[in-house]
Amino acid sequence: MPRAILIVLDSVGIGGAPDAEAYGDAGADTLGHIAEACAAGRGDRAGLRAGPLALPNLGRLGLGAAAAGASGIWPAGLPEPAPTAIFGHAAEVSNGKDTPSGHWEIAAVPVPFDWGYFPETEPCFPAELTEAILHETGLPGLLGNKHASGTTILAELGEEHIRTGKPIAYTSADSVFQIAAHETHFGLDRLYALCETVRRLVDPYRIGRVIARPFIGETAETFERTGNRRDYAVPPPEPTLLDRVIAAGHTTRAVGKIGDIFAHQGIGRLYKAAGNKALTDATLAAIRDAADGDLVFSNLVDFDMLYGHRRDVPGYAAALEAFDTRLPEIEAALRPGDLVVITADHGCDPTWRGTDHTREQVPILAFGPGLPGKDIGARASYADIGETVAAHLGLAPGRHGRSFL
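The model shown is predicted, which means the values in this text are computed figures rather than measured ones. In this numbering scheme, every chain counts its residues from 1 along its sequence in written order. Totals for whole chains, interfaces and linings use every residue, but because this is a predicted model, local features are given only for residues with pLDDT of at least 70 and side-chain atom pairs only at 80 or more, for both listing and counting. Hydrogens and waters are ignored; side-chain quantities use all the structure's heavy atoms.

Draft legend 1. Spatial organisation of helix H3 (residues 63-71). For the exposure calls, accessible area comes from a 1.4 Å probe over protein chains only, and a residue counts as buried if that area is under 20% of its type's maximum, exposed if over 50%, partly exposed in between. The helix and strand labels rest on DSSP assignments: H or I over at least four residues marks a helix, E over at least two residues marks a strand, and numbering proceeds from the N terminus. Turning to H3, its buried residues number three or more, namely Leu63, Gly64, Ala65, Ala66, Ala67 and Ala70. In the stretch just after H3, Gly72 is the one whose phi turns positive, near 85°.

Draft legend 2. The arrangement of the packing of aromatic side chains in detail. Centre distance within 6.5 Å is the pairing criterion for rings of Phe, Tyr and Trp, where only the six-membered ring of Trp is used; planes under 30 degrees apart are then read as stacked, over 60 as edge-to-face, and the remainder as tilted. Inspection of every chain in the model, using the stated rule, returns eight aromatic pairs. Centroid distance Phe262 to Phe297: 5.8 Å. Interplanar angle 55°. Geometry classified as tilted. Taken together, the residues Phe262 in the loop between helix H9 (258-261) and strand E10 (269-271) and Phe297 in strand E11 (residues 295-300) connect sequence positions 35 residues apart. Accessibility classification places Phe262 together with Phe297 in one group, the buried group. An aromatic cluster is built from Trp104, Phe113 and Trp115, whose rings are joined through pairwise contacts.

Draft legend 3. Summary view of the pattern of salt bridges. The rule for a salt bridge is simple: a side-chain nitrogen of Lys or Arg has to be within 4 Å of a carboxyl oxygen of Asp or Glu. Taken as a whole and judged by the stated rule, the model has 24 salt bridges. Between Glu387 and Arg244 there is a salt bridge, with its nearest N and O atoms 2.9 Å apart. Of this pair, Glu387 sits in helix H13 (residues 383-392) while Arg244 sits in helix H8 (residues 241-247), and the two are 143 residues apart along the sequence. With relative accessibility at 4%, the residue Glu387 sits in the buried group.

Draft legend 4. Expanded view of the environment of Leu365. For Leu365, the location among the structural elements is in strand E13 (residues 362-367). Taking the C-alpha atoms as reference points, Leu365 and Leu306, separated by 59 residues in sequence, lie 24 Å from one another. Once you skip the residues sitting within four places of it in the chain, Leu365 turns out to touch Leu58, Leu61, Gly62, Leu63, Ile86, Phe87, Val340, Val341 and Ile342. Residue contacts are counted whenever heavy atoms from the two residues lie within 4.5 Å of one another.

Draft legend 5. The arrangement of the sheet that holds E10 in detail. Taken together, the eight strands give an open sheet; going across it, the order is E10-E9-E11-E1-E12-E13-E2-E14, and neighbouring strands pair in mixed fashion. The open sheet has two edge strands, E10 and strand E14 (374-379), and neither has a second partner. Within this sheet the neighbouring strands show an average axis-to-axis angle of 15°, counted without direction. Strand pairing is defined by DSSP finding a minimum of two bridges between the two strands. Where strand E1 (residues 4-9) and E11 come together, six bridges link them in parallel fashion. Across the sheet, residue Ile5 finds its bridge partner in E11, namely Val296. For helices, the fitted line uses only the C-alpha atoms of the stretch in contact; every axis is such a line through C-alpha atoms, and the angle between N-to-C directions lies from 0 to 180 degrees.

Given below as structure tokens:
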């Protein structure tokens, strides 16, 4: 039986979402603007990278062609050979531009409801919610209580957190309640227990995720988030591609934060790692371990977490180039009959205003031994990706997407 590998390059959007204006994102283009900045010298950083964006392997597969199809603009510097992969671009039908919505829709279950969000006021959390958290946990208070960048708020409030024992609570334009706390001064297990309590308390507000953001260090200059992040997500509203793989008697091998995103539903084995390099290593390990009929589902989070939200063009460009160099390893790990799909879950344009995700289309690059390349054009939903993987694995069709095989 064939195997399938789904790799999500977190936030690597390619512009052109038909409804971007409704989200304030008309003109956002993560890949295109990074390529444009690099071509103009704005992607240079001493000791990191310089020059035009160099993605020969992704370009060979058809990334430039997919981006041009979505946005109408060929990303500067990307090669223009005849693509060797099945290539195209997909729009999102779910209402959000967040991680769960994107991943669930990739797994063939679009989000049929509107998430709840916290307002851009200070404080941003409802007083009754804050009171309930303090009452149930016995905490002396919460710091933050506002929209903020995770690294910025650590520098601002980390020392006060250590001194007072009050965790740092903040949100963003996503449907999320994030809690930062020191791994030793506050305690990692204590942070996880706090997040489990908050997860229950925010359910009436339709909040998609509660995220534990542990960190180490002793001063604003030395604070550093660790790889022990944990997401507490609402479970998907119906069985996803992952559940269907498990129901068929096979294994879903979840790399990175995939398990958390799906509330650990439909997960057979977890491969945890921190950083794109280690996550790519873990993806390769999962491919080596995968048996016939298995699904490897991987998320490479650094593009979004370290570079998109921080609006770091050189860092984002270097991360793309680093992943590009690993593609031959992934191709070499494949067996006859395998299918790999590389895509994204939303955009996070590092040249855009603010620090939040951007509503964009995502690339589809599908390839495997002996699989000929072709242009599949525009897909109306990310769910087509999940249904393509389902068809490849011999699973019965679902309700929301259409295979492009």
